[in-house]
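One-letter residues, chain by chain:
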Amino acid sequence: MPRIGLIGGTGIYNPRLMEQTREMVESTPYGEARVVIGKSDGEELVFITRHGAKHSVPPHLVNYRANIMALKQLGVEIIIATAAVGSLHLDRKPGEYVLADQFLDFTKTRKTSFFEGNEQGVLHCDMTVPYCPLVRTAIETAGQEIGLKIHNGGTYVCTEGPRFETAAEIEMFKMLGGNLVGMTSVPEVCLARELGMCYGNISIVTNHAAGISPNILTHAEVVEVMKNSTHDVRYLIKESLKYLGGPRDCDCSRISKQGGLSES
Ligand code: HPA
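Just so you know, these numbers come straight off a predicted model, no measurement behind them.

K.L.:
Now, about helix H4 (residues 185–194): what can you tell me, with residues and values included?
P.N.:
The buried count for H4 comes to 10 of 10 residues, which makes it a mostly enclosed element. Where H4 is concerned, the buried positions are Ser-185, Val-186, Pro-187, Glu-188, Val-189, Cys-190, Leu-191, Ala-192, Arg-193 and Glu-194. Directly after H4, the chain includes Gly-196, whose backbone phi takes a positive value near 75°.

So this is what it looks like as structure tokens:
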């Protein structure tokens, strides 16, 4: 069974790091997810394109629950997710990589939990440390090994989208301690936690955020910067896998059990 799942964000549509791939649709109680299963250095992986083929699903309409549940059903314990982000500070530049360690949630309309009462019950998950430290360390170590500039740590502000932010919103996010702004990490990371999975984020800075960038922000700009990063991101993920083979000696799987319910 695949132990590691990859969620490709904007610009990462093709899991070229895998061989012997097969595509399938995984049905879950929350809807269907299209997945690609393949092998990298003998290890089986599952890949999901977050926005669907050709970026056809906007961030506020992604079926996050179906994607995370599909990975869980397929046996995944560890998720590495990529995300294009704007940087709130001049010292994090387009083309650089940041491994988020915290988030601020400014989403509005999303289904944020698998537990809605009734037969599933209610679960209150600890989110003190939302992104798995072991996964972050693995990616950081791999990045150092292959000579990529990676910042380990940063607060990801998740907005609802699909519009970009106002300059005033970005000012506010900066005052609140945000470093990066994107539209997808929440609720993905929370849903993974509810199912006891480790979740790590690779944020790829594609632009300076609204009011910092001198340009009008466009999706085309984001895609253009991502084009130059896809090769490195794939290589980074492939190398990170080497450091994720050990026991999951972190709190990610323990927390959902302590929240009052056992893992599904
Ligand atoms: N804001 C929100 N999401 C983003 C941005 C941004 O500036 N850049 C890439 N994704």
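Next, the rest of the story.
K.L.:
So what about helix H2 (residues 133–146)? Which residues, and what values?
P.N.:
The end-to-end C-alpha distance of H2, which contains 14 residues, comes to 20 Å, matching closely the 20 Å that a straight helix rising 1.5 Å per residue would cover. Three or more residues of H2 are buried, namely Val-135, Arg-136, Ala-138, Ile-139, Ala-142 and Gly-143. Along the long axis of H2, the arc covered by the buried residues comes to 160°, so they all point the same way. In the core, the buried residues of H2 are packed alongside strand S5 (78–87), strand S6 (97–99), strand S8 (150–152), strand S11 (198–208) and helix H5 (219–241). Phi turns positive, to about 75°, at Gly-147, one or two residues after H2.

K.L.:
Got a sec to walk through unusual backbone geometry? Specific residues and values, please.
P.N.:
Most peptide bonds adopt trans geometry, and most residues besides glycine take a negative phi value. The linkage connecting Gly-161 with the following residue, Pro-162, adopts the cis geometry, with an omega of -5°. Position of Pro-162 relative to the elements: it lies in the loop between strand S9 (155–159) and helix H3 (167–175). Val-186 connects to Pro-187 through a cis peptide bond whose omega is 15°. As for its position among the elements, Pro-187 is in helix H4.

K.L.:
Quick rundown of a nonpolar patch on the surface? Include the residues and the values.
P.N.:
On the surface, a cluster of nonpolar side chains totalling about 320 Å² of accessible area is made up of Met-172, Met-175 and Leu-176. Structurally, the position occupied by Met-172 is in helix H3.

K.L.:
Give me the environment of Glu-188: which residues, what numbers.
P.N.:
Positionally, Glu-188 belongs in helix H4. Note on Glu-188: relative accessible area 0%, which makes it buried. Spatially, the C-alpha atoms of Glu-188 and Asp-105 are 11 Å apart, while their sequence positions differ by 83 residues. Other than its neighbours up to four places away in sequence, Glu-188 contacts Ile-7, Arg-50, Tyr-64, Ile-68, Ala-81 and Tyr-199.

K.L.:
Outline the pattern of salt bridges, listing residues and values.
P.N.:
One pass over the structure, following the stated rule, counts 16 salt bridges. Note that Asp-91 and Arg-92 form a salt bridge whose closest N and O atoms lie 3.9 Å from each other. Arg-92 sits in the partly exposed class, given a relative accessible area of 23%. A network of salt bridges, in which partner residues are shared, links Arg-65, Lys-111 and Glu-116.

K.L.:
Lay out the layout of surface pockets in plain terms, naming residues and giving numbers.
P.N.:
In this structure, the largest pocket encloses a volume near 450 Å³. What lines the largest pocket is a set of 21 residues, and nearest its centre among them are Arg-34, Val-35, Thr-49, Gly-52 and Ala-53. Contributions of two or more residues to the lining of the largest pocket are made by strand S2 (19–28), strand S3 (31–40) and strand S4 (43–49). The residue inventory of the lining of the largest pocket, partitioned by class, reads 11 nonpolar, five polar and five charged. Of the volumes computed, that of the second largest pocket is approximately 330 Å³.

K.L.:
Please provide a residue-by-residue account of the site of the ligand, values included.
P.N.:
Neighbouring residues of the ligand: Ala-84, Val-85, Gly-86, Phe-164, Glu-165, Val-181, Gly-182, Met-183, Thr-206, Asn-207, Leu-217 and Val-222. For the ligand, a nitrogen atom lies 2.7 Å from a polar atom in the side chain of Asn-207. Against a free-state accessible area of 260 Å², the protein chains account for coverage of 95% of the ligand. The cavity where the ligand resides is the second largest pocket. For the shell around the ligand, the secondary structure elements donating two or more residues are S5, strand S10 (180–182) and S11.

K.L.:
So what about the packing of helix H1 (residues 64–73) against H4? Which residues, and what values?
P.N.:
Packing of H1 against H4 leaves a shortest axis separation of 9 Å and a crossing angle of 35°. In this structure, H1 meets H4 at a crossing whose hand is right-handed. Side by side, H1 and H4 meet where Tyr-64, Arg-65 and Ile-68 of the first sit next to Pro-187, Glu-188, Leu-191 and Ala-192 of the second. Class assignment of the residues belonging to the contact of H1 with H4 gives a composition of five nonpolar, no polar and two charged.

Rules used in this analysis
Residues numbered from 1 in each chain as written. Predicted model: local features only at pLDDT ≥ 70, side-chain atom pairs only at ≥ 80, totals over all residues. Heavy atoms only, no water. Buried < 20%, exposed > 50% of the residue type's maximum accessible area, 1.4 Å probe, protein only. Helix = DSSP H or I, 4+ residues; strand = E, 2+ residues; numbered from the N terminus. Expected span 1.5 Å × (residues − 1). Arc of directions from axis to C-beta. Contact = heavy atoms within 4.5 Å. Patch = residues over 30% accessible without salt bridge, like charges linked within 9 Å, V, L, I, M, F, W, Y side chains within 5 Å. Areas by Shrake-Rupley, 256 points an atom, 1.4 Å probe, with all protein chains shown as cover. Salt bridge = Lys/Arg side-chain N within 4 Å of Asp/Glu carboxyl O. 1 Å grid on protein atoms, 1.4 Å probe; cavity = no way out; pocket = protein on both sides within 12 Å on 5 of 7 lines; lining within 4 Å. Points joined across faces, edges and corners; volume = space filled by probe spheres on them. Nonpolar A, V, L, I, M, F, W, Y, C, P; charged D, E, K, R; others polar. Near = heavy atom within 4 Å. Polar contact = N/O pair within 3.5 Å; in protein donor to acceptor, adjacent residues only side chain to side chain. Sits in = over half its atoms within 2 Å of the grid points. Axes fitted to C-alpha atoms, helices over the stretch in contact; angles between N-to-C directions. Left-handed = near helix turned anticlockwise from the far one by under 90°.

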